[in-house]
Amino acid sequence: IKPFESTHKVLKKLKQKYVLALLSDSDGKRTIKFERIRKLGIGKYFNLIAPTDDIKVNKPNPKCLRYVLKRIKMKPEECISIGDKPEVDLKVAKELGMTTIWVKKGWWTRELGKKTFDYVDHEVDNLSRALKIIEDYFYFYLQPFDEERAKNLIRIQPDLLKDKKTGRERREEE
């Protein structure tokens, strides 16, 4: 399992300015999801990691995103949802009032072909292009990053992202 090209670079830059949440759907045991996140080395970038196992419903159920919004103390219109599976990741996000970005990568995109979705605001083929959209959006439409709000966030199960031998959060080479 490998992250998309430029994932670490983009997440590192976003983490400096924004609150980041990861909503992971139920496609196996909860511990397997955290092991994937640990292996990808991306857990360190997120203020909140929310597996749908904790919410008791899977995407695209709106309860998933409402749970995340409540935990990060933000309104939908203050958020951008990014996903590679539009029908699962972005449809409900748009219905709730979020801006949406479809990262057109992987087998899901190949399967969809040239299909378009009215609930997708932006389509990109890499995360670096998504970064530009995010920076422009927050510059023109939203308030600056609220550092105090970010300090109050709670990470879900950070111990699952730690190295089992040392007990420290594992940092992957970028």
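Criteria and thresholds
- Residues numbered from 1 in each chain as written.
- Predicted model: local features only at pLDDT ≥ 70, side-chain atom pairs only at ≥ 80, totals over all residues.
- Heavy atoms only, no water.
- Pairing = 2+ DSSP bridges.
- Helix = DSSP H or I, 4+ residues; strand = E, 2+ residues; numbered from the N terminus.
- Axes fitted to C-alpha atoms, helices over the stretch in contact; angles between N-to-C directions.
- Buried < 20%, exposed > 50% of the residue type's maximum accessible area, 1.4 Å probe, protein only.
- Right-handed = clockwise from strand over helix to strand, strands pointing away.
- Salt bridge = Lys/Arg side-chain N within 4 Å of Asp/Glu carboxyl O.
- Core = buried A, V, L, I, M, F, W, Y, C linked by side-chain atoms within 4.5 Å.
- Contact = heavy atoms within 4.5 Å.
- Phe/Tyr/Trp six-rings, centres within 6.5 Å; stacked < 30°, edge-to-face > 60°.
- pLDDT = per-residue confidence, 0-100.
- Arc of directions from axis to C-beta.

Description of the sheet that holds strand E4 (residues 99–103)
Okay, so step 1: Judged by pairing direction, the sheet is parallel, and its 3 strands sit side by side in the order E3-E4-E5 without closing on themselves. Of all strands in the sheet, those with a lone pairing partner are strand E3 (80–83) and strand E5 (122–124), marking the two edges. Mean inter-strand twist for the sheet, computed between neighbouring axes without regard to direction, equals 20°.
Okay, so step 2: Pairing of E4 with E5, which is carried by 3 bridges, proceeds in the parallel orientation. What sits directly across from tryptophan 102, in E5, is glutamate 123.

A few points about the pairing of E4
Okay, so step 1: Burial analysis of E4 places 5 of its 5 residues in the buried class, the great majority of the element.
Okay, so step 2: Sheet topology places E3 next to E4; 4 bridges connect them, and they run parallel. By the bridge assignment for E4, serine 81 is matched with threonine 100.
Okay, so step 3: Running through helix H5 (residues 86–96), the crossover from E3 to the neighbouring parallel element E4 is right-handed.

Points about the pattern of salt bridges
Once the charged atoms of two side chains with opposite charge are near each other, the side chains can pair.
Okay, so step 1: Here the structure, examined in full by the defined rule, presents 9 salt bridges.
Okay, so step 2: One salt bridge in this structure joins arginine 129 and aspartate 125, with 2.3 Å as the shortest N-O distance.

A closer look at the nonpolar core
Okay, so step 1: With 24 residues, the main nonpolar core has Leu14, Leu20, Ile42, Phe46, Ile101 and Ile134 as its most contacted residues.
Okay, so step 2: At the level of secondary structure, the elements contributing two or more residues to this core comprise helix H1 (7–15), helix H2 (30–40), E4 and helix H7 (127–141).
Okay, so step 3: Broken down by element, the residue count for this core peaks at 7 residues, all from H7.
Okay, so step 4: Each residue touching isoleucine 42, except ones within four places of it in the same chain, is listed here: Thr7, His8, Leu11 and Ile37.

Regarding the packing of aromatic side chains
Okay, so step 1: Inspection of every chain in the model, using the stated rule, returns 2 aromatic pairs.
Okay, so step 2: Between tryptophan 102 and phenylalanine 117 the ring centres are 5.4 Å apart and the planes differ by 75°, which places this aromatic pair in the edge-to-face class. Of this pair, tryptophan 102 sits in strand E4 while phenylalanine 117 sits in the loop between helix H6 (106–112) and E5, and the two are 15 residues apart along the sequence. Residue tryptophan 102 shares its accessibility class with phenylalanine 117, and that shared class is buried.
Okay, so step 3: The structure contains a cluster of three or more aromatic residues connected by ring pairs, namely Trp102, Phe117 and Tyr119.

Looking at the confidence of the model for the protein chain
Okay, so step 1: Of all residues in the protein chain, 76% have pLDDT values of 70 or greater, and the mean over the chain is 80.
Okay, so step 2: The model gives residues 152–162 a pLDDT under 50, and that stretch makes 42 contacts with residues more than four places away or in other chains.
Okay, so step 3: Predicted confidence for residues 169–174 stays below pLDDT 50, and this span has 19 contacts to residues more than four positions away or in other chains.

Section: H2
Okay, so step 1: What H2 keeps buried is the set Lys33, Phe34, Ile37, Arg38 and Leu40. On an axial view of H2, the arc spanned by its buried residues comes to 170°, and they lie on one face.
Okay, so step 2: Looking at the buried side of H2, the elements it contacts are H1, strand E1 (21–24), strand E2 (48–51) and helix H3 (52–55).

Regarding unusual backbone geometry
Most peptide bonds are trans, and most residues other than glycine sit at a negative phi.
Okay, so step 1: Cis geometry marks the peptide bond from lysine 59 to proline 60, where omega comes out at 10°.
Okay, so step 2: Take proline 60: it is sitting in the loop between H3 and helix H4 (62–72).
Okay, so step 3: Residues other than glycine seldom take positive phi values, yet lysine 56 does so here, at roughly 75°.
Okay, so step 4: For lysine 56, the location among the structural elements is in the loop between H3 and H4.

A word on the side chain of threonine 99
Okay, so step 1: Examined against the element boundaries, threonine 99 turns out to sit in strand E4.
Okay, so step 2: Excluding residues within four positions of it along the chain, threonine 99 makes contact with Cys79, Ile80, Ser81, Asp121, His122 and Tyr137.

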